Amino acid sequence: SQQGEEDPQALSIQEGENATMNCSYKTSINNLQWYRQNSGRGLVHLILIRSNEREKHSGRLRVTLDTSKKSSSLLITASRAADTASYFCATDAVNSGYALNFGKGTSLLVTP
Amino acid sequence: DGGITQSPKYLFRKEGQNVTLSCEQNLNHDAMYWYRQDPGQGLRLIYYSQIVNDFQKGDIAEGYSVSREKKESFPLTVTSAQKNPTAFYLCASSSGKGKQFFGPGTRLTVL
């Protein structure tokens, strides 16, 4: 089942601007991950945040997690044209074994 | 060069045919997964395997079958029972819970 839901579905910004994507989920989780997918390619793991963490940084990426609201956000600072891709959140639900539940993704377009 | 590979990149199936998609990894991961992605959609889990000779159904297993005879390999067969198989199929592996590594995908089209 697709537990995560990203918002917005599509986002268009100019290079240098920040991009924020949100993810909401339904059940208790062990961790939440963000992945990136370039058109027609496989997914690439960006960052993982555990349920007991509130914020995590990796380069130009900042992820927050609010377990009380069952939501997460991904911020990409100083966007580049190369950041153009689809971004997915994935949740690892408690007692789900190894399976991840993916949302439908946010399609990000960064124009020069 | 470690990683996860899928073949073929493109696959065409006639109605009533079974086809098998290959997935191989040399990352020494115990867990492997198959996902299906439809246009504009997220990934849906077909099957996953946590260890050799064991696998579990995901959310959309009907019309698909898998085997896990070797740690490195997790082939997916799309059977004739799968009525709408046209999609992008992604294989992934992991060392356990957490980060998954994805292959480049196979695009299956029914003729």
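All values derive from a computational prediction rather than experimental measurement. Residue numbering note: each chain is counted from 1, following its sequence as written. Note on labels: chains are lettered from A, ligands numbered from 1, in written order. Restriction of local features to residues with pLDDT of at least 70 applies here, the model being predicted, together with a cutoff of 80 or more for giving and counting side-chain atom pairs; totals for whole chains, interfaces and linings are based on all residues. With hydrogens and water set aside, each side-chain value is computed from the structure's full complement of heavy atoms.

1. A closer look at the overall build of chain A
- A run of H or I in DSSP counts as a helix once it spans at least four residues, and a run of E counts as a strand once it spans at least two, with each numbered from the N terminus. Scanning chain A from terminus to terminus reveals zero helices and 11 strands.
- Ordered by position from N to C terminus, the α and β elements of chain A give β-β-β-β-β-β-β-β-β-β-β.
- Within these notes, the globule rule equals 2.2 Å times the number of residues to the 0.38 power, and the radius of gyration is based on C-alpha atoms. Since a compact globule built from 112 residues should have a radius of gyration of about 13 Å, the 13 Å found for chain A is in line with a globular shape.
- Considering only C-alpha atoms, chain A reaches an extent of 45 × 30 × 20 Å along its principal axes.
- Two residues qualify as a contact provided that any one of their heavy atoms is within 4.5 Å of a heavy atom in the partner residue. Within chain A, contacts between residues at least 6 apart in sequence are counted, and of these 56% link residues at least 24 apart.

2. A short note on the pattern of salt bridges
Residues and elements named next belong to chain A.
- What makes a salt bridge here is a side-chain nitrogen of Lys or Arg within 4 Å of a carboxyl oxygen of Asp or Glu, nothing more. Applying the stated criterion across every chain yields a total of six salt bridges over all chains.
- Between R36 and D83 there is a salt bridge; the shortest N-O distance is 3.9 Å. With R36 in strand β4 (residues 29–37) and D83 in the loop between β8 (71–76) and β9 (85–93), this pair connects stretches of sequence that are 47 residues apart. No difference in accessibility class separates R36 from D83, as the two residues are buried.
- Between D83 and R60 there is a salt bridge, and its shortest N-O distance comes to 2.9 Å. In this pair, D83 sits in the loop between β8 and β9 while R60 sits in the loop between β6 (55–58) and β7 (61–66), placing the two residues 23 residues apart along the sequence.
- Among the residues examined, R60 registers a relative accessible area of 23% and is labelled partly exposed.
- Connected via shared salt-bridge partners are R36, R60 and D83. Note on exposure labels: buried denotes an accessible area under 20% of the residue type's maximum, exposed denotes more than 50%, and partly exposed covers the range between, all computed with a 1.4 Å probe on protein chains only.

3. Remarks on the environment of V44 of chain A
All names here are of chain A.
- Mapped onto the elements of the fold, V44 is located in strand β5 (residues 43–50).
- What makes V44 partly exposed here is its relative accessible area of 46%.
- Each C-alpha atom of the pair V44 and F88 lies 9.9 Å from the other, and the pair is 44 residues apart in sequence.
- Excluding its chain neighbours within four sequence positions, the residues that come into contact with V44 are W34, Y35 and R36.

4. A closer look at the interface of chain A and chain B
- Between chain A and chain B, the residue contacts involve 24 residues of the former and 24 residues of the latter.
- The quantity reported as buried area is the accessible area (1.4 Å probe) lost by two parts once they are put together, taken as the sum for both. Buried area between chain A and chain B, both sides added, is near 1800 Å², and the carbon and sulfur share of it is 56%.
- Our enumeration of links across chain A and chain B arrives at zero salt bridges.
- Each polar contact in these results corresponds to two N or O atoms within 3.5 Å; when the atoms are within protein, one needs to be able to donate a hydrogen and the other to accept it, and residues that are neighboring in sequence are counted only if both atoms are side-chain atoms. Put simply, chain A and chain B have three residue pairs in polar contact (both at pLDDT 80 or more) between them.
- For the side of chain A that touches chain B, the secondary structure elements donating two or more residues are β4, β5, β9 and β10 (101–102) of chain A.
- Considering each element in turn, the side of chain A that touches chain B owes the most residues, five residues, to β4 of chain A.
- Amino acids outside the nonpolar list (Ala, Val, Leu, Ile, Met, Phe, Trp, Tyr, Cys, Pro) and the charged list (Asp, Glu, Lys, Arg) are all regarded as polar, and Gly is one of them. A breakdown of the residues in the side of chain A that touches chain B according to their chemical character gives eight nonpolar, 13 polar and three charged.

So far we have only geometry, and geometry alone does not tell us how the molecule works.
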